[in-house]
Amino acid sequence: MKRVLIAVLMVSALLLTISQSATANAEEVIPEEYLNGGVLILGEYGVGLAWYLDRSSVRIEQEGPPRYIVSFQMFPTRYDRNTGETTRVFDGHRAKCMYDVEKDAMYFFNTGFQPVADWAYIDPVGPAGESPIDTLGEMAWYILYQKPFYGGRKWRDGNGQMRWSNYGEELYRRIDNSY
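Residues numbered from 1 in each chain as written. Predicted model: local features only at pLDDT ≥ 70, side-chain atom pairs only at ≥ 80, totals over all residues. Heavy atoms only, no water.

### Brief notes about the pattern of salt bridges
Enumeration according to the criterion identifies 4 salt bridges in this entry. When the shortest N-O distance is used, the salt bridge between glutamate 61 and lysine 96 registers 4.0 Å. With glutamate 61 in strand E4 (residues 59-64) and lysine 96 in strand E7 (residues 93-100), the pair connects residues that are 35 residues apart, well separated along the chain. The class of glutamate 61 is partly exposed, set by a relative accessible area of 47%. A salt bridge links aspartate 100 to arginine 67, with the nearest nitrogen and oxygen atoms 3.4 Å apart. On the criterion of sequence distance, the pair formed by aspartate 100 in strand E7 and arginine 67 in strand E5 (residues 67-79) is long-range, its members being 33 residues apart. Take aspartate 100: its relative accessible area is 3%, and that puts it in the buried class. (Salt bridge = Lys/Arg side-chain N within 4 Å of Asp/Glu carboxyl O. Helix = DSSP H or I, 4+ residues; strand = E, 2+ residues; numbered from the N terminus. Buried < 20%, exposed > 50% of the residue type's maximum accessible area, 1.4 Å probe, protein only.)

### What about the pairing of E5?
E5 sits mainly inside the fold: 11 of its 13 residues count as buried. Relative to E5, strand E3 (residues 49-54) is paired through 5 bridges, and the arrangement is antiparallel. Its bridge partner being in E5, leucine 53 is matched across the sheet by methionine 74. Both E4 and E5 contribute to a ladder of 5 bridges, which runs antiparallel. Following the sheet pairing, glutamate 63 is matched in E5 by tyrosine 68. Two successive antiparallel strands, E4 and E5, enclose a turn made up of 2 residues. Pairing geometry for E5 and E7, over 8 bridges, is antiparallel. (Pairing = 2+ DSSP bridges.)

### Examining the environment of glutamate 44
Mapping glutamate 44 onto the fold places it in strand E2 (residues 40-46). Of the residues examined, glutamate 44 reaches a relative accessible area of 13% and is grouped as buried. It is 8.9 Å that separates the C-alpha atoms of glutamate 44 and aspartate 134, two residues lying 90 residues apart in sequence.

### Comments concerning helix H3 (residues 169-176)
Where H3 is concerned, the buried positions are Leu171, Tyr172, Arg174 and Ile175. The arc that holds the buried residues of H3, viewed along the axis, is 155°, so those residues lie on one side. (Arc of directions from axis to C-beta.)

### A few points about the confidence of the model for the chain
Scored by pLDDT, the chain has a mean of 82; 78% of the residues are at 70 or more. In the model, residues 1-25 has pLDDT below 50 throughout and makes 34 contacts with residues more than four positions away in sequence or in other chains. (pLDDT = per-residue confidence, 0-100. Contact = heavy atoms within 4.5 Å.)

### Here we look at the pairing of strand E6 (residues 86-89)
Pairing of E5 with E6 involves 3 bridges; the strand directions are antiparallel. The residue bridging threonine 77 from the neighbouring strand is valine 89, located in E6. Between the antiparallel neighbours E5 and E6 lie 6 residues, among them glycine 84 with a positive phi of about 85°.

### Details of the packing of aromatic side chains
Inspection of the entire model under this criterion finds 12 aromatic pairs. A ring pair is formed by tryptophan 141 and tyrosine 145, whose centres lie 4.4 Å apart and whose planes are at 40°; its orientation type is tilted. Highlighted residues: tryptophan 141 and tyrosine 145, both in helix H2 (residues 132-145), separated by 4 residues, approximately one helical turn. Taking relative accessible area as the criterion, tryptophan 141 reaches 4% and is therefore assigned buried. For tyrosine 145, a relative accessible area of 22% corresponds to the partly exposed category. Between tryptophan 141 and phenylalanine 149, the ring centres sit 5.0 Å apart and the planes meet at 70°, which makes this aromatic pair edge-to-face. In terms of burial, tryptophan 141 and phenylalanine 149 fall into one category: buried. Ring pairs connect the aromatic residues Tyr68, Tyr99, Trp141, Tyr145, Phe149, Tyr150, Trp155 and Tyr167, which therefore count as one cluster. (Phe/Tyr/Trp six-rings, centres within 6.5 Å; stacked < 30°, edge-to-face > 60°.)

Spelled out as structure tokens, the structure:
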């Protein structure tokens, strides 16, 4: 199961990176925002692959300030790039993120991109779509606490410049409209 999740994450990261250059010259069709009666909420998408968060699966595993650990189910799907209609929903995978409110830092539990499983930092600015967990982690926090973790404010990028986070208001509206 872990190997499948690792493979899916690696492929999705590659596809999302490719999607940034592929969609620059083409009209981008957005996949369906909600599936399964609004329980699955669109997080990331690109080149016919979309990732959905199951809002009913978001769970607090540890709530001890300053650190919180939250788990959730994520579902990869295929969608028609011309219509946005979902053509296939794959099995869900459990993921988890850690939020350090003292350091204003989000991490995901990395089980396959490094030799040892460990927490990997999620940057609030920079290349968007490096991993679907980036956005889904932000969504999970918002679902639990009704406020953005990284979104809605500026952060310093790797060059020291202040930039808006990768998460725009449309993400939070999508979550609010799913209830």
